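Read off the chains here:
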Number of protein chains: 2
Amino acid sequence: MTDFAATKARFHLPEGVIYLDGNSLGPLPRHAQERMSRTMQDEWGEMLITGWNKAGWMDQPTRVGDRIARLIGAEPGHVVMGDTLSIKVYQALASAIAMNPDRRVILSDSGNFPSDLYMAEGLIGFLGKGHELRVVAPEEVADNITDEVAVMMITEVDYRTGRMHDMKALTAKAHAHGVVTVWDLAHTAGATPVDLRGANADFAVGCTYKYLNGGPGAPAFIYVNPRHADAALPALSGWLGHDAPFAFEPSYRPGPGIERMRVGTPPVLALAALDAALDIWDMTDMPAIRARSLELTDRFIAGIEAACPMLQLATPRDHAQRGSQVSFRFAEGYAAMQALIARGVIGDFRAPDIMRFGFTPLYIDDSDVDAAIAIITDVMQNDLWDRPEYKTRAKVT
Amino acid sequence: MTDFAATKARFHLPEGVIYLDGNSLGPLPRHAQERMSRTMQDEWGEMLITGWNKAGWMDQPTRVGDRIARLIGAEPGHVVMGDTLSIKVYQALASAIAMNPDRRVILSDSGNFPSDLYMAEGLIGFLGKGHELRVVAPEEVADNITDEVAVMMITEVDYRTGRMHDMKALTAKAHAHGVVTVWDLAHTAGATPVDLRGANADFAVGCTYKYLNGGPGAPAFIYVNPRHADAALPALSGWLGHDAPFAFEPSYRPGPGIERMRVGTPPVLALAALDAALDIWDMTDMPAIRARSLELTDRFIAGIEAACPMLQLATPRDHAQRGSQVSFRFAEGYAAMQALIARGVIGDFRAPDIMRFGFTPLYIDDSDVDAAIAIITDVMQNDLWDRPEYKTRAKVT
C-alpha cells in the first residue's frame with residue numbers, strides 16, 4: 001500500500017494551485033534542493049575534477065538509468081541517461097535503421113510527438129537514401145505493419161489525447177514482419193506500467209521531466225534490448241560510449257551493451273536533481289500508481305462530463321487505452337485554459353483544440369480533482385474563458 | 001584593468017589545493033549555489049510550467065549564448081546553447097558536409113580531441129557515402145588543405161600539448177580551396193581570445209565546463225557564421241529548432257538563423273549554473289585574461305625547467321602557438337601526477353606521457369604558480385612519484 005499523502009508531502013506545490021500539468025513538467029521535490037546543494041558544494045566545489053571518480057559522476061548515467069529501468073520493466077544495466085529525448089530518438093532510430101538496411105519505410109503515427117517526427121525527417125534528409133516517413137492515424141498503425149517497414153517508431157501514449165497503444169501486441173506484430181521497434185515512453189515512464197522486457201521491445205527512449213519530476217530540461221534515457229545491446233550501431237559515437245574513454249585511442253570502439261549509447265560528458269547537476277526525484281519512487285510501485293491514476297481520471301471524467309457538456313472527451317474511456325491524462329476538445333480551448341490557469345487550475349492547451357489535464361497520484365488526490373472540477377465548471381458555465389483578456393494567443397502555453 | 005584578486009574571491013577553492021585543472025573542470029563560482037537555489041525554488045518550484053515564459057527558460061539558450069558570443073568574437077544572436085560538445089560536433093559536421101556534397105574528405109589532426117574524431121567516424125559510418133576521415137599531424141594541417149577536402153574539423157588548442165592553431169590563416173586557406181571549417185573551441189573559449197568573425201569561421205562549437213566554469217557536464221554551444229545561418233541543414237532537427245515549436249505542425253520547418261541549431265528541451269538547471277559562472281566574465285575581458293595567462297604560463301615554464309630537467313616541455317614557447325595550459329612529457333607521468341595530486345597540486349595526465357597543467361587567471365595567481373613549482377620540484381627531485389602506491393593506473397584521471 002502506497003501512502004500517497006506521504007508522497008504528496010515530498011513535493012513543493014505552490015499555494016492556491018491545483019497542478020494538472022505534471023505530464024508536461026513535474027513539480028519540485030522538496031529534497032531536490034538539498035541534494036543539488038550537496039552536489040554543487042561537497043562534490044563539484046570540494047572534489048573538483050576528482051568528483052568523476054570519488055563522487056561517482058562517471059557511473060551516474062547507468063546508476064540513475066537502473067532506477068528508471070525498474071519503472072519501465074527493463075532489465076537492470078540496460079538503460080542509460082543523457083542528452084535530450086530528441087537526441088535519444090535520433091540515436092535509437094539510426095541504430096534501428098541500420099538493423100534493416102534493405103527496407104526504406106519508417107512507420108509512425110500522427111499521435112507521435114512532433115519532435116520525434118522532425119528528428120526522423122532530419123535523419124532521413126541527411127542520410128539521403130530515400131527513406132520514407134509514413135505517418136498514419138494511431139488506430140491504423142497495426143494494419144500498416146508490413147514487410148516493407150524497416151522501423152516502427154511510436155510514442156506509447158498520445159501527447160494530445162492520452163490514448164495508449166498496446167505495446168505488446170504492436171511489437172509482436174512488428175517482429176512477425178521483421179520490423180524493428182522504437183518506443184517513446186515520454187508519457188508512460190512513471191505514468192503507467194511499462195513492460196519492455198515482456199513486450200520484447202527493441203529500443204525505448206523517454207524524458208524525465210514529466211511524470212518523473214526531474215526538473216525543466218532533465219536528461220533523457222535510452223533502453224536497448226539486451227539481445228541487440230552489443231551489436232547496436234552507435235551513430236552518435238561519443239567518447240563516453242567508447243570501450244576505453246580515457247585511453248584516448250585514435251579510433252572509436254563501441255563499449256559493451258548500453259554503454260555505447262552514452263555520447264558526451266554526463267550532465268552531473270541535472271542528474272543529481274533527477275536522482276533526488278527518483279527517491280520518491282522508492283515509496284511506491286507502478287501497479288499502485290496505475291490503480292490510483294485510473295481512479296483519478298475516472299473521477300475527473302465523470303465530474304466534468306456531468307457539469308460541462310460543451311467539453312468533448314478526447315481520451316479513451318477504456319482503461320486499457322488510457323494513459324494518465326484526460327483531454328477534452330473545445331473550440332475555444334486556448335482561451336478557456338488561460339481562464340483556468342488564472343483561477344489556479346493549471347493544465348495546458350495543445351493545438352488545435354485540446355485542453356489537457358495530467359494526473360499524477362504522487363501529488364494529486366481526490367480533493368484536488370474535486371476542486372478542479374468545481375473551478376472548471378464555474379469557468380465553463382460562466383463563460384469566463386470568453387473574456388477579451390483571454391483571447392490573445394501567447395507564443396508558448 | 002581586471003582585479004584578479006576580486007575574480008579569485010568569487011570562486012570556492014578547497015583548502016590546501018592548487019587547482020591547475022580548470023582546463024578539464026572549472027571550480028565552483030560561490031554565487032552559483034544561490035542562483036541554482038533560486039532557479040529551483042522561485043522558478044521551477046513556484047512557476048512550474050509557466051517558467052518557460054515567466055522565467056525566460058525558453059530564450060535561455062540564446063541569452064546565455066550571447067554572453068559566450070562576446071568571449072569568442074562572435075556576432076550577437078549567432079550562438080546557442082544545448083546538448084554536449086560531442087552532439088554539437090556532429091551537428092556542425094553534418095551541416096558542413098551537406099554544404100560540400102561532392103567532396104568526400106574530412107580533414108582533422110591527431111591533436112583533436114578523440115570524441116570529435118569518434119563523432120566524425122560514427123557520422124561517416126552511418127551516412128555510408130564513402131567519406132574519409134583524414135587525420136594528419138597538427139603541423140601538417142595547412143599542407144593538407146586541398147580541393148579534395150569537404151570539411152576541415154579542428155580543435156584550436158591541442159588538449160594534450162596546448163599547441164594553438166592559427167585559426168585565421170587556416171580558415172583563409174580552407175576557404176581558398178572551397179573547404180568548410182568546423183572549429184572546436186573547447187580549450188580556447190574563456191582561455192584565449194577568439195575572433196570567429198575576424199577569421200570568418202564557418203562553424204564553431206565548444207564546451208563550458210572548462211575555462212567557463214559552468215559545472216560538471218555543463219551544456220555546449222554552437223556558432224554558425226551569419227552567412228550560413230539561414231541555410232545550414234539541421235540534421236538534428238528537433239522541435240525547438242522548428243520555426244514554430246508550439247504549433248505542433250506535422251513537418252519540420254527550420255527556424256531562422258541559429259535557432260535551427262536548437263534540438264530538444266533546454267537544460268534549464270545546468271544553464272542557470274553556467275549563467276551564474278558567466279557573471280564573473282563581466283569583471284574582465286579576453287585581452288586581460290590572455291596577458292595574465294601568458295605571464296602565468298611563462299612563469300611556470302621557467303620555474304619548472306630550472307628545477308626539473310627530467311620534464312620535457314611539450315607546449316610551444318612561442319606565445320602565438322600557446323593556449324592556456326602547460327604540458328610536460330615524462331615517461332612516469334601518470335605516477336608523478338598521482339604524487340602531485342596527493343600533495344595538493346591538481347593537474348592531470350593524458351596518455352601516453354603528458355602531465356598537463358591549466359592556468360586560469362580568474363583564480364590562479366603568481367603565488368599559486370610559485371607554490372606549485374615548489375611542490376612539483378620537491379616531488380620530482382625526491383622521486384616521490386616512484387613509490388609503489390603511485391604505480392597503479394586508475395581507470396580515470
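The structure presented is a predicted model; accordingly, all values stated were derived computationally and were not measured.

A count of helices and strands for chain A gives 13 helices and 15 strands. Its C-alpha atoms give chain A a radius of gyration of 22 Å, within 12% of the compact-globule value 21 Å for 397 residues. With respect to the three principal axes, the spread of C-alpha positions in chain A is 70 × 55 × 40 Å. Across the 397 residues in chain A, those meeting the buried criterion constitute 67%. For chain A, the share of sequence-separated contacts (at least 6 apart) that also reach a separation of at least 24 residues comes to 73%. Looking at chain A as shown, the accessible area adds up to about 12,600 Å², and 52% of this sits on carbon and sulfur atoms.

To continue, consider the packing of helix H2 (residues 32-47) of chain A against helix H10 (residues 268-279) of chain A. Residue and element names in this part refer to chain A. Between H2 and H10, the shortest axis-to-axis distance is 9 Å and the interhelical angle comes to 140°. Accordingly, the angle class assigned to the pair H2 and H10 is oblique. H2 and H10 meet at a crossing whose hand is right-handed. Counting all contacts with H2, which are made through Ala-32, Arg-35, Met-36, Thr-39, Met-40 and Trp-44, the residues of H10 involved are Val-268, Leu-269, Ala-272, Ala-273, Asp-275, Ala-276 and Asp-279. Of the residues in the contact of H2 with H10, the class split is nine nonpolar, one polar and three charged.

This part is about the relation of the copies chain B and chain A. The transformation that overlays chain B on chain A combines an axial shift of 0.0 Å with a rotation of 180°, and the residual RMSD is 0.0 Å. On the angle and the small slide along the axis, the relation comes out as a two-fold axis.

The next point concerns the nonpolar core. Counting residues in hydrophobic clusters, the biggest one holds 276 residues, and the most contacted among them are Phe-300 and Phe-357 of chain A together with Phe-300 and Phe-357 of chain B. Residues within four places of Phe-300 of chain B in sequence aside, it is in contact with Leu-20, Val-326, Phe-328, Phe-357, Phe-359, Val-369, Ala-372, Ile-373 and Ile-376 of chain B.

Quick look at the interface of chain B and chain A now. The interface is formed by 80 residues belonging to chain B together with 80 residues belonging to chain A. A combined buried area of about 7,200 Å² lies between chain B and chain A, and 68% of that area is made up of carbon and sulfur atoms. The largest per-residue losses of area from chain B upon contact with chain A belong to Trp-44, Tyr-118 and Phe-126 of chain B, which jointly make up 12% of the total buried on that side. For the interface between chain B and chain A, the tally reads zero salt bridges. Run the count over chain B and chain A and you get 29 residue pairs in polar contact (both at pLDDT 80 or more). Listing elements by their share of the side of chain B that touches chain A, those giving two or more residues are strand S3 (28-29), helix H2 (32-47), helix H3 (51-54), helix H5 (85-98), helix H6 (114-127) and helix H10 (268-279) of chain B. The element that contributes the greatest number of residues to the side of chain B that touches chain A is H6 of chain B, accounting for ten residues. When grouped by side-chain class, the residues that make up the side of chain B that touches chain A number 48 nonpolar, 23 polar and nine charged.

This brings us to the UniProt feature "binding site: pyridoxal 5'-phosphate" (unreviewed entry) in chain A. Mapped onto the present numbering, the UniProt feature "binding site: pyridoxal 5'-phosphate" (unreviewed entry) falls at Leu-85, Ser-86, Phe-113, Pro-114, Ser-115, Asp-116, Thr-155, Asp-184, His-187, Tyr-209, Trp-239 and Thr-265 of chain A. An extended arrangement is adopted by the annotated residues: their sequence extent is 181 residues, and the largest C-alpha distance between any two is 30.3 Å. With residues up to four places along the chain from it excluded, the contact list for Phe-113 of chain A reads Thr-155 and Tyr-159 of chain A together with Trp-239 and Phe-248 of chain B. You can see Thr-265 of chain A is positioned in the loop between helix H9 (226-229) and H10.

The next subject is the UniProt feature "modified residue: N6-(pyridoxal phosphate)lysine" (unreviewed entry) in chain A. Residues and elements named next belong to chain A. In the numbering adopted here, UniProt assigns the feature "modified residue: N6-(pyridoxal phosphate)lysine" (unreviewed entry) to Lys-210. Of note, Lys-210 is situated in the loop between strand S9 (203-206) and strand S10 (220-224). Discounting residues that sit within four places of it in the chain, Lys-210 has contacts with Gly-22, Asn-23, Ser-24, Gly-26, Ala-186 and His-187. Within polar-contact distance, the side chain of Lys-210 engages the backbone oxygen of Asn-23 at 3.2 Å.

All names here are of chain A. We note that the domain assignment places domain 1 (4-29 + 285-390) and domain 2 (32-282) within chain A. On the side of domain 2, 26 residues touch domain 1, which itself brings 34 residues to the contact. Regarding the contact of domain 1 and domain 2, the summed buried area is about 2,500 Å², with carbon and sulfur atoms giving 62% of it. Our count for the contact surface shared by domain 1 and domain 2 stands at zero salt bridges. Taken together, the connections running from domain 1 to domain 2 amount to twelve residue pairs in polar contact (both at pLDDT 80 or more). Among the secondary structure elements, those contributing two or more residues to the side of domain 1 that touches domain 2 are strand S3 (28-29), helix H11 (286-307), strand S12 (325-329) and strand S15 (354-358).

Residues and elements named next belong to chain A. On inspection of all chains with the given rule, the structure shows 54 salt bridges over all chains. Two residues, Asp-365 and Lys-8, come together in a salt bridge whose shortest N-O distance is 3.1 Å. Residue Asp-365 is located in the loop between S15 and helix H13 (366-381), and its partner Lys-8 is located in helix H1 (residues 4-9); the two are separated by 357 residues in the primary sequence. In this structure Asp-365 comes out as partly exposed when scored by relative accessible area, which is 26%. Each member of the salt-bridge network shares a partner with another, and the members are Arg-35, Arg-67, Arg-70, Asp-275, Asp-279 and Asp-282.

Criteria and cut-off values
Residues numbered from 1 in each chain as written. Chains lettered and ligands numbered in written order. Predicted model: local features only at pLDDT ≥ 70, side-chain atom pairs only at ≥ 80, totals over all residues. Heavy atoms only, no water. Helix = DSSP H or I, 4+ residues; strand = E, 2+ residues; numbered from the N terminus. Rg over C-alpha atoms; globule rule 2.2 N^0.38 Å. Buried < 20%, exposed > 50% of the residue type's maximum accessible area, 1.4 Å probe, protein only. Contact = heavy atoms within 4.5 Å. Areas by Shrake-Rupley, 256 points an atom, 1.4 Å probe, with all protein chains shown as cover. Axes fitted to C-alpha atoms, helices over the stretch in contact; angles between N-to-C directions. Parallel < 35°, antiparallel > 145°, perpendicular 65-115°, else oblique. Left-handed = near helix turned anticlockwise from the far one by under 90°. Nonpolar A, V, L, I, M, F, W, Y, C, P; charged D, E, K, R; others polar. Least-squares fit on C-alpha atoms with pLDDT ≥ 70 in both. Core = buried A, V, L, I, M, F, W, Y, C linked by side-chain atoms within 4.5 Å. Buried area = accessible area lost by both parts, 1.4 Å probe. Salt bridge = Lys/Arg side-chain N within 4 Å of Asp/Glu carboxyl O. Polar contact = N/O pair within 3.5 Å; in protein donor to acceptor, adjacent residues only side chain to side chain. UniProt positions renumbered as here; feature names shortened; annotations may be inferred. Domains from an automatic or database assignment.

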